[in-house]
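Listed below are the residues making up each chain.
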Amino acid sequence: MSSGLITANTWAVVGYSAVILPQVTNTNSTLQLTSTQASWFATLPLFMCIPLSTIGGLISEWLGPRRSTLILSPLVAASFVVMHLASWKLILEAEMAYVILMICRVVQGVLLALHASIPSVYICDISDSSHRGMFTSLLEPCIALGFVLCYLLGGYVHWYTAAWLLPLITSVPGFLGFLIAPESPPWLVRKGKEAEAMTTLLRLRGSSEEAEQEVALLKECVKMEQKHSFCQSVRLLKERSIVIPMAISALVIVFKELCGLSVIMIYMVRIFQLAGVGFNPFWISAVVSSVRLACNLLGSGLVHRFPRKECLLGGIICTAVGMTTVGTFFFLQSRKDDLSHLGWLPVAGFIVLIVGMGVSVYPVSWLIAAEVLPGAVSFLGMGVSVTGHFITSFLISKTFDDVTSLIGLHGLFWSYALACVTFSLFVIIFVPETRGRSQKEIEEIWVRSSGEKQLSDRSNNIKLLQKEGEGLTGAAGHEDSEK
């Protein structure tokens, strides 16, 4: 729960654009942004995440997922609160409001990048295999919660008030709860803290026998997969059984973004304004996002009961239908047809695509992206996948106006539907089923598909890397003793 609240506040960095942009582009606002400034405000955090998201995994491996979260979450909250300064009369008169806002957005982008890859891996680490999928998929409802709060606050309060209300509602209670949360047992074992890992697992599992078995299994995995440095992880990338799952993990996330949900969530209020459906755009956006939240919760149960691939494919098909429906509405609108009796169509289309995305595409995509990765490169691989997420999300969000001017809103939504079709073909051909399989079983799939002889080959490579590291350490120690 604590990790979820912190995740909601972190991803509200993206959703906050829906609060501020309709207000600061209004001619009656004391702070006004041009269309270019508004575009950069909406997408700058995504841009900052592109070069930095991989670093988050490395920091997490260095400090530990729990400690990293305790450091990063207060900084995210502070970056929201500081934006309130841009509403001060002195700042407005000095024409520094936009500068302050953009500095905050840069900081938020950095913090989002560093934190984005941590929660899914952390929850996988502390969950038992039978509940891993359900708990990990609960992160997506938390992200949806962040957007719902943004839409609701945008309809009731000024943007500068929402700037401090958001972290007060989410980050503060999440941080307090995380103070008593356990550290990742696999991380503790990798760092040689086996006694602490045993204590943590006793707390999580409630059975000493189960905890002992899990620690023994983790020690065995560490012997095979242990990485002491970033360079050693990179050197493992020469193996096909490492490269292939990392590529598939990244492509699953990229295809997910090409289906268009991120850009829709950022510009949903504006899209409903352009549709002219007769509803308050903030309210209808909050309703659609609430549907997403409910569907995310439903999806958490489905991935626990049904195969991952079946859930994902069903969600992609549902999303494609919704995108096609919304695109058809805007196509009819572009022809100047009388749509007075079809005001419900874009709302229905949005709900259909949100159901597909919320129940399946988003939570299952992140889950598969984490589960297919070998343990030796789990943090590095997830960092690469998150980087792909931000590159794609930034590009399609930043070019929203340009693409809309070029092919129209109908063409934009139809292109998302086409991306859904391509995504489904990729899943059918390349993505393995991960439900009910241990990390070792999943790795054996990649070993067989890559043509490598056996999983122990990688273990030998890792042992060689460890020996080289020990040799360097021994040499350094010998030099120190001579000094």
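This is a predicted model, so every value here is computed, not measured.

### A few points about the overall build of the chain
Logical step 1: Scanning the chain for helices and strands turns up 24 helices and zero strands.
Logical step 2: Across the 483 residues in the chain, those meeting the buried criterion constitute 56%.
Logical step 3: Taking as baseline every contact in the chain between residues at least 6 positions apart, the subset at least 24 positions apart corresponds to 82%.

### Here's the deal with the packing of aromatic side chains
Logical step 1: Tallied over the full model, the rule gives 19 aromatic pairs.
Logical step 2: Between phenylalanine 330 and phenylalanine 413, the aromatic rings sit 5.9 Å apart at their centres with planes inclined by 15°, giving stacked as the arrangement. Separated by 83 residues along the polypeptide, phenylalanine 330 in helix H19 (residues 308-334) and phenylalanine 413 in helix H22 (residues 400-430) bring together distant segments of the chain. Each member of the pair phenylalanine 330 and phenylalanine 413 is classed as buried.
Logical step 3: For the ring pair phenylalanine 331 and tryptophan 414, a centre distance of 5.5 Å and an interplane angle of 40° mean the geometry is tilted. Note that phenylalanine 331 is positioned in helix H19 and tryptophan 414 in helix H22, a separation of 83 residues in sequence.
Logical step 4: Each residue in the set Phe272, Phe329, Phe330, Phe350, Phe413 and Tyr416 is aromatic and connected to the rest through ring pairs, giving one cluster.

### Here's the deal with helix H16 (residues 240-258)
Logical step 1: The terminal C-alpha atoms of H16, which comprises 19 residues, lie 26 Å apart, in line with the 27 Å expected from a rise of 1.5 Å per residue.
Logical step 2: Along H16, the residues classified as buried are Ser241, Ile242, Pro245, Met246, Ile248, Ser249, Ala250, Val252, Ile253, Phe255, Lys256 and Glu257.
Logical step 3: Remark: glycine 260 follows H16 within two positions and exhibits a positive phi of approximately 100°.

### With respect to the packing of helix H9 (residues 139-156) against helix H10 (residues 159-169)
Logical step 1: Contact geometry of H9 with H10 gives a least axis separation of 11 Å together with a crossing angle of 145°. Two packed elements cross with a definite hand, and for H9 against H10 that hand is right-handed. Judged by residue contacts, Leu149, Cys150 and Leu153 of H9 engage Ala162, Leu165, Leu166 and Ile169 from H10.
Logical step 2: Tallied by class, residues from the contact of H9 with H10 come to seven nonpolar, no polar and no charged.

### Some remarks on unusual backbone geometry
Logical step 1: Here glutamate 95, not a glycine, exhibits a phi torsion of approximately 55°, which is positive.
Logical step 2: By relative accessible area, glutamate 95 is classed as exposed at 69%.

### Quick notes on the packing of helix H4 (residues 65-82) against helix H6 (residues 97-116)
Logical step 1: Remark: H4 packs on H6, axes separated minimally by 9 Å, with the N-to-C direction vectors making an angle of 160°. The orientation of H4 with respect to H6, classified from their angle, is roughly antiparallel. In terms of crossing hand, the pair formed by H4 and H6 is left-handed. Residues Thr69, Leu72, Leu75, Val76, Ser79, Phe80 and Val82 of H4 form the contact with H6, whose own contacting residues are Ile100, Cys104, Val107, Gln108, Leu111, Leu114 and His115.

### Describing a nonpolar patch on the surface
Logical step 1: Judged by side-chain polarity, Val81, Trp164, Leu168, Ile169, Val172, Leu176, Leu179 and Ile180 come together as a nonpolar surface patch covering roughly 720 Å² of accessible area.
Logical step 2: Elements that contribute at least two residues to the nonpolar patch include exactly H10 and helix H11 (171-178).
Logical step 3: For the nonpolar patch, the element with the most residues is H10, which contributes three residues.
Logical step 4: Relative to the elements of secondary structure, isoleucine 180 occurs in the loop between H11 and helix H12 (185-190).
Logical step 5: A relative accessible area of 61% places isoleucine 180 in the exposed class.

### Quick look at the side chain of glutamine 108
Logical step 1: The residue glutamine 108 is located in helix H6 in this model.
Logical step 2: For glutamine 108, a relative accessible area of 1% gives the class buried.
Logical step 3: Within the local environment of glutamine 108, its side chain forms a polar contact with the side chain of arginine 105, the two groups lying 3.0 Å apart.
Logical step 4: With near-sequence residues (within four places) excluded, glutamine 108 lies in contact with Val13, Ser79, Phe80 and Met83.

### Quick notes on the environment of glycine 343
Logical step 1: Mapped onto the elements of the fold, glycine 343 is located in the loop between H19 and helix H20 (344-371).
Logical step 2: Residue glycine 343 is classed as buried on the basis of its relative accessible area, which comes to 17%.

### Brief notes about the confidence of the model for the chain
Logical step 1: Of the residues in the chain, 86% reach a pLDDT of 70 or more, and the chain-wide mean stands at 80.
Logical step 2: For the stretch residues 462-466, pLDDT sits under 50, and the model shows twelve contacts to residues farther than four places along the chain or on other chains.

### Side note on the pattern of salt bridges
In a structure, side chains of opposite charge can pair up when their charged atoms sit close to one another.
Logical step 1: Per the stated rule, a full pass over the model turns up three salt bridges.
Logical step 2: The closest approach of N and O atoms between aspartate 401 and arginine 270, which form a salt bridge, is 2.7 Å. One end of the pair, aspartate 401, is in helix H22; the other, arginine 270, is in helix H17 (residues 261-275), with 131 residues separating them in the sequence.
Logical step 3: The class of aspartate 401 is partly exposed, set by a relative accessible area of 27%.
Logical step 4: With relative accessibility at 35%, the residue arginine 270 sits in the partly exposed group.
Logical step 5: A salt bridge links glutamate 371 to arginine 308, with the nearest nitrogen and oxygen atoms 2.9 Å apart. Residue glutamate 371 is located in helix H20, and its partner arginine 308 is located in helix H19; the two are separated by 63 residues in the primary sequence.
Logical step 6: Looking at glutamate 371, the relative accessible area reads 6%, which means it is buried.

### Digging into helix H13 (residues 194-205)
Counting along an α-helix, one turn takes 3.6 residues, and residues three or four places apart therefore face a common direction.
Logical step 1: Counted at 1.5 Å a residue, the expected span for H13 with its twelve residues is 16 Å, and the 16 Å between its end C-alpha atoms agrees.
Logical step 2: Turning to H13, its buried residues are Ala197, Thr200, Leu201 and Arg205. One side of H13 carries all its buried residues, which in axial view fall inside an arc of 115°. Exposed residues lying more than 90 degrees from the buried face of H13 are Ala195, Thr199 and Arg203.
Logical step 3: Directly after H13, the chain includes glycine 206, whose backbone phi takes a positive value near 80°.

About the criteria used
- Residues numbered from 1 in each chain as written.
- Predicted model: local features only at pLDDT ≥ 70, side-chain atom pairs only at ≥ 80, totals over all residues.
- Heavy atoms only, no water.
- Helix = DSSP H or I, 4+ residues; strand = E, 2+ residues; numbered from the N terminus.
- Buried < 20%, exposed > 50% of the residue type's maximum accessible area, 1.4 Å probe, protein only.
- Contact = heavy atoms within 4.5 Å.
- Phe/Tyr/Trp six-rings, centres within 6.5 Å; stacked < 30°, edge-to-face > 60°.
- Expected span 1.5 Å × (residues − 1).
- Axes fitted to C-alpha atoms, helices over the stretch in contact; angles between N-to-C directions.
- Left-handed = near helix turned anticlockwise from the far one by under 90°.
- Nonpolar A, V, L, I, M, F, W, Y, C, P; charged D, E, K, R; others polar.
- Parallel < 35°, antiparallel > 145°, perpendicular 65-115°, else oblique.
- Patch = residues over 30% accessible without salt bridge, like charges linked within 9 Å, V, L, I, M, F, W, Y side chains within 5 Å.
- Areas by Shrake-Rupley, 256 points an atom, 1.4 Å probe, with all protein chains shown as cover.
- Salt bridge = Lys/Arg side-chain N within 4 Å of Asp/Glu carboxyl O.
- Polar contact = N/O pair within 3.5 Å; in protein donor to acceptor, adjacent residues only side chain to side chain.
- pLDDT = per-residue confidence, 0-100.
- Arc of directions from axis to C-beta.

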